[in-house]
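This is what each chain is made of:
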Amino acid sequence: MLYPELFAQLEKARWNMADDIPWEQFDADLLTDEQAETIKMNAITEWAALPATEMFLRDNRDDSDFSAFMSIWFYEEQKHALVLMEYLRRFRPELVPSEEELHAVRFEFDPAPPLETLMLHFCGEVRLTQWYRCASEWHTEPVIKHIYSTLSRDEARHGGAYLKYMKQAIDRFGNEARLAFAKIGMLMAASARSSKPLHPTNLHVNESLFPNDTVQSRLPKPEWLEDWLTNKIRFDQDWESRVVGGILRNLSSLFGQTFESVQQLNRYRKSLVNS
Ligand SMILES: [Fe+2]
Ligand SMILES: [Fe+2]
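Please read all numbers here as calculations on a predicted model, not as lab measurements.

Participant: Before we move on, could you go through helix α8 (residues 175-189) and cite the residues and values that matter?
Facilitator: Between its terminal C-alpha atoms α8 stretches 20 Å, which fits the 21 Å expected from 15 residues at 1.5 Å a residue. Check the buried side of α8 and you find it contacts α6 (114-138), α7 (142-173), α10 (237-255) and α11 (262-274).

Given below as structure tokens:
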């Protein structure tokens, strides 16, 4: 069971909404309308942990340890949505998402292989860690800068927790797990060369609702994420290479191999298929 040690670890690192965010340092002159609008969209995106949790619990009925860990992950992700909303409530109340806007991202995700979902979320956390670091640098207002760097560290810890479950899956399922992780790792690391940023909230997850079956498509401004990455925080090649590097490094240690490029990972994936 990993849940007890993860609980202790994550509880030690936990921050407090009232005391650990320097609300009193808010400087209205340093927040633009454009910046504030992105915070609203980001808050709704974080709220999508709700349908993701419903999917995790449904698809992991035979894994009570992992399901118990979901209580921590779900709590922390909802808190991410909440701290962004609290910022807006205090300083831009007209931008607080409505309950309807939040509820719009709660929809059924199609069942998927649990090992692939696990890897998808691991990569999602690695990516978010960097997105939020970059967002913290882009923002100029001190309180929101602080919030984004706090969230970035949480996402990094979530990635670490998922990685422990991935290690355990390799011990239990061997190549079946390696293959699932290599396959999704390829998909997520190759995102630099595709036009759309690959993150769980940007993938199609319900065939019957297509094309409105990504979390992003159900936001008040479905195009915000690409605009935020390209024109706002400017998540460029340098940042992207940190994401890809993070994924490759972790898969290298997980598999006991050295992957310096996506191509090397692909070769390894093919060798698993043929083995
Ligand atoms: Fe989050
Ligand atoms: Fe996270």
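Read on for the rest.
Participant: I'd like a rundown of the pattern of salt bridges, residues and numbers included.
Facilitator: Close approach of charged atoms allows side chains with opposite charge to pair. Overall, the coordinates contain 15 salt bridges when judged by the stated rule. Taking the shortest distance from any N to any O, the salt bridge between arginine 89 and glutamate 86 comes out at 2.9 Å. Of this pair, arginine 89 and glutamate 86 both sit in helix α4 (residues 64-91), three residues apart, roughly one helical turn. Several salt bridges share partner residues, and in doing so they unite Glu34, Asp227 and Lys232 into one network.

Participant: Explain the nonpolar core residue by residue, including any values.
Facilitator: Counting 91 residues, the largest nonpolar core has Phe69, Ile147, Phe181, Trp228 and Leu251 as its most contacted members. In contact with isoleucine 147, other than residues within four places in its own chain, are Ile21, Trp23, Val83, Leu84 and Tyr87.

Participant: Could you give an account of the coordination of the iron ion (ligand 2), with specific residues and numbers?
Facilitator: At 1.9 to 2.6 Å from the iron ion (ligand 2) lie its protein donor atoms, namely Glu77 (OE), Glu125 (OE), Glu125 (OE), Glu155 (OE) and His158 (ND1). Considered as a linear motif, the donors of the iron ion (ligand 2) on their single chain read E-x47-E-x29-E-x2-H. Between the iron ion (ligand 2) and the iron ion (ligand 1), a separation of 3.8 Å is found, and both are coordinated by glutamate 77. With glutamate 77 in helix α4 and glutamate 155 in helix α7, the pair connects residues that are 78 residues apart, well separated along the chain.

Participant: Give me α11: which residues, what numbers.
Facilitator: In this model α11 runs 19 Å from its N-terminal to its C-terminal C-alpha over 13 residues, within 8% of the 18 Å that 1.5 Å per residue would give. Residues of α11 that are buried include every one of Val262, Leu265, Asn266, Tyr268 and Leu272, and no others. Down the axis of α11, the buried side of the element spans an arc of 160°, and every buried residue falls inside it. Exposed residues on α11 whose side chains face more than 90 degrees from its buried face are Arg267 and Asn274. For α11, the elements touching its buried residues are α8 and α10.

Rules used throughout
Residues numbered from 1 in each chain as written. Chains lettered and ligands numbered in written order. Predicted model: local features only at pLDDT ≥ 70, side-chain atom pairs only at ≥ 80, totals over all residues. Heavy atoms only, no water. Helix = DSSP H or I, 4+ residues; strand = E, 2+ residues; numbered from the N terminus. Expected span 1.5 Å × (residues − 1). Contact = heavy atoms within 4.5 Å. Salt bridge = Lys/Arg side-chain N within 4 Å of Asp/Glu carboxyl O. Core = buried A, V, L, I, M, F, W, Y, C linked by side-chain atoms within 4.5 Å. Buried < 20%, exposed > 50% of the residue type's maximum accessible area, 1.4 Å probe, protein only. Donors = N, O, S within 2.8 Å, 3.2 Å for Na, K, Ca; no water. Arc of directions from axis to C-beta.

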